[in-house]
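Structural overview for review
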Number of protein chains: 2
Amino acid sequence: MAARSQYQELARQLSAVGAVKRGIARILPAECPGGSAAVLTLLARNGEMRISRLADLLAVDMSVTSRHVTHAVESGWIERFPDPADKRSRILRLTPAGEELLDELTRRTTEMFAHNLIDWSDEEVGQLNTLLSRLRDSFACRGTGGCTPGRHSGDCRTGHAEDSHTRTPV
Amino acid sequence: MAARSQYQELARQLSAVGAVKRGIARILPAECPGGSAAVLTLLARNGEMRISRLADLLAVDMSVTSRHVTHAVESGWIERFPDPADKRSRILRLTPAGEELLDELTRRTTEMFAHNLIDWSDEEVGQLNTLLSRLRDSFACRGTGGCTPGRHSGDCRTGHAEDSHTRTPV
DNA sequence: TATTGTTATACTCTATAACTATA
DNA sequence: TATAGTTATAGAGTATAACAATA
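Here is a short report on the structure shown in this document.

Quick notes on the rules
Residues numbered from 1 in each chain as written. Chains lettered and ligands numbered in written order. Predicted model: local features only at pLDDT ≥ 70, side-chain atom pairs only at ≥ 80, totals over all residues. Heavy atoms only, no water. Helix = DSSP H or I, 4+ residues; strand = E, 2+ residues; numbered from the N terminus. Buried < 20%, exposed > 50% of the residue type's maximum accessible area, 1.4 Å probe, protein only. Contact = heavy atoms within 4.5 Å. Pairing = 2+ DSSP bridges. Core = buried A, V, L, I, M, F, W, Y, C linked by side-chain atoms within 4.5 Å. Salt bridge = Lys/Arg side-chain N within 4 Å of Asp/Glu carboxyl O. Buried area = accessible area lost by both parts, 1.4 Å probe. Phe/Tyr/Trp six-rings, centres within 6.5 Å; stacked < 30°, edge-to-face > 60°. Lys NZ or Arg CZ within 6 Å of the ring centre and 35° of its normal.

On a plain count of helices and strands, chain A comes out with seven helices and three strands. The linear arrangement of helices and strands in chain A, starting from the amino end, is α-α-β-α-α-β-β-α-α-α. Counting the 170 residues in chain A, one finds 49% classified as buried. Taking as baseline every contact in chain A between residues at least 6 positions apart, the subset at least 24 positions apart corresponds to 57%.

This is how it looks when you write it as structure tokens:
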């Protein structure tokens, strides 16, 4: 376990990450809010899936996910079709328009990162990714305030834990 | 410069940090929203200061800072008194009640971190802090979408850059 | 009964713009 | 003219709770 003073520092650093996130959000196309961008990214990376799984990956409540998805559907970026295995569910899939938009998003964010992280080595970025991934795992599904919100589709140890270390983390 | 695929990964990791932040926010006392907690923390760590400086440290617009401060003042946690050097400004300072609340906040967050980061070493937490601090610097005040929002009190290179490496980062 | 998903409501955080007071 | 700060307004993101349909 780490020293207590480190914790206060970490809390502040996490809080300040918001500025970086807003910087990224600002370069998105006007018609594409951050929630949609996250949905498209996860669908491209993990393939078609149901809302509940997407909510797990996003680490937000299913109700929030549902709204993001609705917006993306109305914009023509993803489609929602019946799940043959469960009539309560629908399967989400990127449309060609969605893939096109995602290409543009990738282009913009890559350019921004390349510009701002010009003096970061591959190893350093990888190290940060690894630590952030581990941080998520550490805060997921423990006792005090750890568990991510809302309803989970299965037991608490599924969700991102399943993705974080076995392949490129979500 | 790092590989492009690392950037997409970093974007996702940063996005997912939100879940951790919300986990921290959930353990705050009901009467203390996150904005107030951040204000109190920074005033305790950096001493009394003006709104504009606080806005730089928080990396949000001064208008946002002003509202957080107003709430904290109305709650009796900080006081705002005239700046003898500039009649447009007011100096912010923690009250005894504010210090008391901050103690409670520290107690709660420390307990949460200690619980969730039980298997993190001191070095690992320090490493994450260092990388996040550097990330902030890398995204502050560059060309494309880098600069933090709003009005700056001085030239672009002041603000958190001044704190990030010369002492414990903000 | 339990689960999947949707919708209504409310709250927090944020930015932009217009404004006042002072430098 | 420029800067420090406040306030009004609007928008994004989120959670909770109530609900419908299906398992």
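Turning next to the pairing of strand β3 (residues 90–94) of chain A. Residue and element names in this part refer to chain A. Where strand β1 (residues 49–50) and β3 come together, two bridges link them in antiparallel fashion. Bridging across to β3, R50 finds its partner in I91. Pairing of strand β2 (residues 78–82) with β3, which is carried by five bridges, proceeds in the antiparallel orientation. When the bridges of β3 are listed, I78 appears paired with L94.

The next point concerns the nonpolar core. L10, L128 and L135 of chain A together with L10, L128 and L135 of chain B are the most contacted members of the largest nonpolar core, which has 38 residues in total. Among the elements of the structure, α1 (4–26), α5 (96–116) and α6 (122–139) of chain A together with α1 (4–26), α5 (96–116) and α6 (122–139) of chain B are those that each provide at least two residues to this core. Residues in contact with L10 of chain B, not counting those within four places in the same chain, are F113, L117, V125, L128, N129 and L132 of chain A together with L135 of chain B. In terms of nonpolar packing, the next biggest core, distinct from the first, is built from 23 residues, A37, I51, A72 and L102 of chain A among them.

Here we come to the pattern of salt bridges. Under the definition given, this model contains 18 salt bridges over all chains. Several salt bridges converge on common partners, so that one network encompasses R50, D83, D86 and R88 of chain A.

This paragraph deals with the interface of chain A and chain B. Taken together, the 72 residues of chain A in the interface contact 72 residues of chain B. Each partner contributes to the roughly 7100 Å² buried at the junction of chain A and chain B, and carbon and sulfur atoms together form 61% of this total. Three residues stand out in chain A for area buried against chain B, namely R12, W120 and F139 of chain A, and they jointly supply 10% of the buried area on that side. For the pair chain A and chain B, the number of links is four salt bridges. Where R134 of chain B meets E124 of chain A, a salt bridge forms, and the shortest distance between an N and an O atom there is 3.0 Å. Those elements that place two or more of their residues in the side of chain A that touches chain B are α1, α2 (34–46), α3 (51–58), α5 and α6 of chain A.

For the coordinates displayed, the defined rule picks out four aromatic pairs over all chains. Relative to F113 of chain B, the ring of F139 of chain A has its centre 5.6 Å away and its plane inclined at 80 degrees; by these criteria the two rings are edge-to-face. Pair noted here: F139 of chain A is in helix α6 and F113 of chain B is in helix α5, and the two residues belong to different chains. By relative accessible area, which is 0% here, F113 of chain B ends up buried. Linked through ring pairs, Y7 and F139 of chain A together with F113 of chain B together constitute an aromatic cluster. Over the ring of W120 of chain B we find R134 of chain A; its NZ or CZ atom is 4.4 Å from the centre of that ring.

With that settled, the discussion passes to the environment of V73 of chain B. All names here are of chain B. Position of V73 among the secondary structure elements: in helix α4 (residues 62–74). As a C-alpha pair, V73 and L94 span 21 residues in sequence and 9.3 Å in three-dimensional space. Residue contacts for V73: discarding those within four places in its chain leaves I78 and R80.

Any functional reading would require information beyond the geometric quantities listed.
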